[in-house]
Amino acid sequence: MSLPTLNGTARLIDNPDLRFSAQGTAVVKLRLAFNARRKDDNGQWVDGDSFFIDGKVFGQHAQNLADTLERGMEVVVSGRLKTEKWETREGEKRSGPSLLVDSIGPSLRFATARVEKAGGSGSGQRDARQAAQRGGAAEDPWATSGAAAEAAGGQSSGSWGGGSGGYSDEPPF
């Protein structure tokens, strides 16, 4: 028997909380709110019933999520429901629903997104994106001019298949 699944559109209540286990595995905890939002007779948006749930994501997926999503974003999420059990400081046993997130991403209903392939380690994606937004040089040699790429330690576009220092449409591989 498998765990029940949950698929839907939710809103992130807090920024994803990225931490690392003792073994070095990335773990993100996030809080999601699902609600039935609709327009009333006057055309105004009103919130209906809400369902709040804590979610968890592991590994590279967790790092990608932490680099991409933030508080307030509407997300499309799919996962498996399970019961978390814990004990309070006073020794009382508690339990509650939790979501093991299989897939999550920004909803494009009221927003746009630029998709970037994540690096092997997952680190630096946000920093590189922020540097590019501030006008800083990107680490991608394809994103810079030949002189800037040489200054950054990369190849110049002039050496890419042109041979005489001119630009060529030939890729460097």
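1. Re the overall build of the protein chain
Scanning the protein chain from terminus to terminus reveals three helices and six strands. Mapped from its N terminus to its C terminus, the protein chain presents α and β elements in the order β-β-β-β-α-β-β-α-α. Buried positions account for 25% of the 173 residues belonging to the protein chain. In the protein chain, of all internal contacts separated by at least 6 residues, the share reaching a separation of at least 24 is 55%. For the protein chain, the computed accessible surface area is about 12,300 Å², with 48% contributed by carbon and sulfur atoms.

2. Considerations on the pairing of strand β2 (residues 17-20)
The sheet contact formed by β2 and strand β3 (residues 26-39) spans four bridges and is antiparallel. In the sheet register, D17 faces β3, and the bridge partner there is K29. The hairpin turn running from β2 into β3, its antiparallel successor, is five residues long, and G24 in that turn takes a positive phi close to 95°.

3. A word on the nonpolar core
Core analysis: the biggest nonpolar cluster contains 19 residues, and L30, L32 and I104 have the highest contact counts within it. With five residues, β3 is the largest single contributor of residues to this core. The contacts of L30, once residues within four sequence positions are left out, are L12, I53, D54, G55, V57, L65 and I104.

4. Notes on the pattern of salt bridges
Enumeration according to the criterion identifies eight salt bridges in this entry. As a salt-bridge pair, E74 and R11 come within 3.6 Å of each other at their nearest N and O atoms. Of this pair, E74 sits in strand β5 (residues 74-87) while R11 sits in strand β1 (residues 5-12), placing them 63 residues apart in sequence. With its nearest N and O atoms 3.1 Å apart, the salt bridge here joins D17 to R19. Ionic contacts of the salt-bridge type, sharing partners, join the residues K56, K82 and E84 into one network.

5. Details of the confidence of the model for the protein chain
In the predicted model, the protein chain carries a mean pLDDT of 78, and the fraction of residues at 70 or more is 68%. Confidence drops under pLDDT 50 across residues 121-125; counting only partners more than four residues distant or on other chains, this segment forms eleven contacts. The low-confidence segment residues 140-166, where pLDDT is below 50, has 29 contacts with residues more than four positions distant or belonging to other chains.

6. A short note on the side chain of E74
Taking the relative accessible area as the measure of exposure, E74 reaches 16% and is therefore buried. In this structure E74 touches T9, A10, R11, G105, P106, S107, R109 and F110, once residues within four positions along its chain are discounted.

7. Quick look at the packing of aromatic side chains
Inspection of every chain in the model, using the stated rule, returns one aromatic pair. An angle of 40° between the planes, with centres 6.4 Å apart, marks the rings of F34 and F51 as tilted. Here F34 is found in strand β3, whereas its partner F51 is found in strand β4 (residues 45-58), with 17 residues between them in sequence.

8. With respect to the pairing of strand β6 (residues 93-106)
Bridge count for β4 against β6 is three bridges, and the pairing is parallel. Bridge pairing links K56 to L100 in β6. Here β5 pairs with β6 via 13 bridges, running antiparallel. Across the sheet, residue E84 finds its bridge partner in β6, namely G96. Between the antiparallel neighbours β5 and β6 lie five residues, among them G91 with a positive phi of about 90°.

Here is what the cut-offs are and how they apply
Residues numbered from 1 in each chain as written. Predicted model: local features only at pLDDT ≥ 70, side-chain atom pairs only at ≥ 80, totals over all residues. Heavy atoms only, no water. Helix = DSSP H or I, 4+ residues; strand = E, 2+ residues; numbered from the N terminus. Buried < 20%, exposed > 50% of the residue type's maximum accessible area, 1.4 Å probe, protein only. Contact = heavy atoms within 4.5 Å. Areas by Shrake-Rupley, 256 points an atom, 1.4 Å probe, with all protein chains shown as cover. Pairing = 2+ DSSP bridges. Core = buried A, V, L, I, M, F, W, Y, C linked by side-chain atoms within 4.5 Å. Salt bridge = Lys/Arg side-chain N within 4 Å of Asp/Glu carboxyl O. pLDDT = per-residue confidence, 0-100. Phe/Tyr/Trp six-rings, centres within 6.5 Å; stacked < 30°, edge-to-face > 60°.

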